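# Remarks on the overall topology
Listed below are the residues making up each chain.
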There are 2 protein chains.
Amino acid sequence: MSLAAGFQPLYKQVYDLLTRRLVEGHWKPSEPLPSEMALAEELGVSQGTVRKALNQMVSESLLERRQGKGTYVAEHTQESSLFRFFRLREPGGESLIPETKVLSSKRRSASKRERLQLGLEPKEQVVELLRLRYLNNKPAIVEKIIQPLSVFPDIDKQTELPNALYILYQEKFGISIVSVRDELRATAMPEALADYLGLAAGSPVLMVERASINIDGRAVECSQAYCASEDFVYSVDLK
Amino acid sequence: MSLAAGFQPLYKQVYDLLTRRLVEGHWKPSEPLPSEMALAEELGVSQGTVRKALNQMVSESLLERRQGKGTYVAEHTQESSLFRFFRLREPGGESLIPETKVLSSKRRSASKRERLQLGLEPKEQVVELLRLRYLNNKPAIVEKIIQPLSVFPDIDKQTELPNALYILYQEKFGISIVSVRDELRATAMPEALADYLGLAAGSPVLMVERASINIDGRAVECSQAYCASEDFVYSVDLK
DNA sequence: CAGTGGTCTAGACCACCTT
DNA sequence: AGGTGGTCTAGACCACTGC
């Protein structure tokens, strides 16, 4: 067989190989992969082994399979992107569609905290994007988003920013966000931002610090969001 | 075959059957299940089909498999129980071991909100347990836990409550918590509880409302926790 | 109809654990 | 040595898709 019998199980080697190809852009989002049989033949393993590797990638949302059609690179659609990582809800209630307004955007050097979180060099330039998000037409979230220019060249030259930034990252910069790490705390609303949410400075707000992880495992973007949590809650299921 | 060919895939039928047996207490936590071969023979399906069903149950933390030994009913150990659903951390940091002190315990009728959340009858009796939890030897969390007496008979007669309640639920009441739903918001610290955390009334605190789900899918316990989030954050990875 | 993924089987061999 | 789960294979049949 062309994949040498090594330390790891064959299906794991196939998984690693296919994931590497995916990371390197060998296939683009929404493109089909070769069929199981074709991959099995190319790699010199059985179809079942390829299947096991593919299914693992599906379980990580890297791929999607459609019976009778083929296996496709997972795509960040408007809906999936908005809802997969967006956890703010009405208490006990359904998903809410956030609307978004950009408040400001500027270039500056990365702070120490940002360098640590994103693995940046000293003095590396980032874009700081300030956005206001509405739920049920009420201003609910102010978020500050940090985008390294080394990852997103000239992103501040984009004329139109979509509601779901991850779609832009994927289509224009080849960045596929596969997971996020959130840290939540309660804090007093900073005076500088209080007006946006129509709150008194010092009101209790939910702060969500997020690091977004690319398919290659790097943290490529981080954000801080201040959420009015009178009417909304951050909802999460742990299994 | 003894499992009639029905609408659903065989492995799904096997999964349903084995899960039902598990729910009904057919096997107790930490007990071994019959071997794959034995189950396959009993059910009249192939070993591979049983394997697929078992692996799905493993992925839901219902079972554990140990190579060379057997397949076991998952057990809530002190560590796994404390850390699997306990999300409070130092910012960017490691897990913290919470210490616990019981403040009070009393019986009363369920409130409307509790009846809705836990599916209780009007006037049903519950135990309201108030606990104080410490992280790094500092009081960090006040939590109010609601336990229906219909689910946990005479739970308030327990002489000793363990740090991880889920272990008690499993050992004494046959309740296996498999998932939780958390809703987080920021709020002002209630005056009645502020002293416990050494905070001023009105300070911003993180409130975590939790419903705990039994293996049979019912919400069997709910809680409200007020967390001092000066020094600690609620940390979660979304994939 | 041919091509795809989805299910199911049977059997081989390996790695690990116990006796 | 014998039993367990873990991997891998090969082949059959089914369900869905599109030409």
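Residues numbered from 1 in each chain as written. Chains lettered and ligands numbered in written order. Predicted model: local features only at pLDDT ≥ 70, side-chain atom pairs only at ≥ 80, totals over all residues. Heavy atoms only, no water.

### Observations concerning the sheet that holds strand β6 (residues 138-148) of chain A
Through backbone hydrogen bonds, the strands of a sheet pair up, either in parallel or in antiparallel fashion. Cut-off, in case you're wondering: Pairs of strands are assigned from DSSP output, requiring at least two bridges between the strands. Helix and strand definitions follow DSSP, with helices as H or I runs of at least four residues and strands as E runs of at least two, each counted in order from the N terminus. Pairs of residues are marked as contacts when any of their non-hydrogen atoms sit within 4.5 Å. Every axis corresponds to a line fitted to the C-alpha atoms, with the helix fit spanning only the stretch in contact, and the corresponding angles, defined between N-to-C directions, vary from 0 to 180 degrees.
As summarised here, the arrangement of the 8 strands in space is β4(A)-β5(A)-β6(A)-β9(A)-β8(A)-β7(A)-β10(B)-β3(B), forming an open sheet in which the pairing is antiparallel. The strands lining the two open edges of the sheet, one partner per strand, are β4 (99-109) of chain A together with β3 (88-89) of chain B. As judged from the 2 bridges shared by β3(B) and strand β10 (residues 233-238) of chain B, these two strands associate in the antiparallel manner. Across the sheet, residue Leu88(B) finds its bridge partner in β10(B), namely Tyr234(B). Strands in contact with helix α6 (residues 165-173) of chain A are β5 (125-135), β6, β7 (177-188), β8 (204-214) and β9 (219-227) of chain A; relative to β6(A), the strand with the most contacts, it is inclined by about 30 degrees.

### What to know about the domain arrangement of chain A
Residue and element names in this part refer to chain A. The following threshold applies: Where each domain starts and ends comes from a domain assignment, either automatic or drawn from a database. Accessible area that two parts lose when put together, with a 1.4 Å probe and added across both, is what the buried area reports. Take a side-chain nitrogen of Lys or Arg and a carboxyl oxygen of Asp or Glu: if they are within 4 Å of each other, that pair is a salt bridge. N or O atoms closer than or at 3.5 Å make up a polar contact, with two conditions inside protein: a donor-capable atom paired with an acceptor-capable one, and, for residues adjacent in sequence, both atoms drawn from side chains. Any residue outside Ala, Val, Leu, Ile, Met, Phe, Trp, Tyr, Cys, Pro, Asp, Glu, Lys and Arg is labelled polar, Gly included; the first ten of those are nonpolar and the last four are charged.
Looking at the assigned domains, one finds that chain A contains domain 1 (10-73) and domain 2 (78-234). Computed over C-alpha atoms only, the centres of domain 1 and domain 2 are separated by 32 Å. The junction of domain 1 with domain 2 conceals about 420 Å² of combined surface from both sides, 77% of it contributed by carbon and sulfur atoms. Per-residue buried area on domain 1 facing domain 2 is highest for Val 23, Pro 29 and Leu 62; these three make up 68% of the total on that side. At the surface where domain 1 touches domain 2, the tally comes to 0 salt bridges. Here domain 1 is connected to domain 2 by 0 residue pairs in polar contact (both at pLDDT 80 or more). Broken down by class, the residue content of the side of domain 1 that touches domain 2 amounts to 4 nonpolar, 1 polar and 1 charged.

### A short note on the packing of helix α2 (residues 36-43) of chain B against helix α3 (residues 47-59) of chain B
All names here are of chain B. What counts is decided by this rule: Each angle gets one of four labels, with under 35 degrees taken as roughly parallel, over 145 as roughly antiparallel, 65 to 115 as roughly perpendicular, and the rest as oblique. By the definition used in this description, the sense in which the near helix is turned from the far one sets the handedness, with an anticlockwise turn below a right angle giving left-handed and a clockwise turn giving right-handed.
Where α2 contacts α3, the axes come no closer than 8 Å and their chain directions differ by 110 degrees. The angle between α2 and α3 places the two elements in the roughly perpendicular class. In the packing of α2 onto α3, the handedness of the crossing is right-handed. Together, Glu 36, Met 37, Leu 39 and Ala 40 of α2 and Gln 47, Val 50, Arg 51 and Leu 54 of α3 make up the contact between the two elements. Of the residues belonging to the contact of α2 with α3, the class tally is 5 nonpolar, 1 polar and 2 charged.

### Topic: the sheet that holds strand β5 (residues 125-135) of chain B
Taken together, 8 strands build an open sheet; the order of strands is β3(A)-β10(A)-β7(B)-β8(B)-β9(B)-β6(B)-β5(B)-β4(B) and the sheet is antiparallel. With one partner strand each, in any of the chains shown, β3 (88-89) of chain A together with β4 (99-109) of chain B form the two edges of the open sheet. Along the sheet, helix α6 (residues 165-173) of chain B contacts β5, β6 (138-148), β7 (177-188), β8 (204-214) and β9 (219-227) of chain B; its crossing angle with β6(B), the most-contacted strand, is approximately 30 degrees.

### Here we look at the protein's contact with DNA strand D
The cut-off we apply is this: By convention in these notes, a residue is near a molecule or strand provided one of its non-hydrogen atoms lies within 4 Å of it.
Lining the immediate surroundings of DNA strand D are 20 residues, of which Leu10(A), Tyr11(A), Ser46(A), Thr49(A) and Gly68(B) lie closest. Taking all atoms of DNA strand D within 4 Å of the protein, the share assigned to sugar and phosphate is 77%. One of the side-chain N or O atoms of Ser46(A) is found 2.8 Å from a phosphate oxygen in DNA strand D. For DNA strand D, a phosphate oxygen lies 3.2 Å from a polar atom in the side chain of Arg65(B). The class makeup of the residues in the surface near DNA strand D is 4 nonpolar, 9 polar and 7 charged.

### Observations regarding the interface of chain A and chain B
With 29 residues of chain A in contact, the opposing surface of chain B contributes 29 residues. Summed over both partners, the interface of chain A with chain B buries about 2,500 Å², with 54% contributed by carbon and sulfur atoms. The largest contributions to the chain A side of the interface with chain B come from Ala186(A), Val236(A) and Leu238(A), which together make up 24% of the buried area. The interface formed by chain A and chain B holds 2 salt bridges in total. Of the charged contacts, one joins Arg181(B) and Asp237(A) as a salt bridge, the two residues approaching to 2.8 Å between their closest N and O atoms. Across the chain A-chain B interface, the total number found is 10 residue pairs in polar contact (both at pLDDT 80 or more). Listing elements by their share of the side of chain A that touches chain B, those giving two or more residues are β7, β8 and β10 (233-238) of chain A. Sorting elements by how many residues they give to the side of chain A that touches chain B places β7(A) first, with 11 residues.

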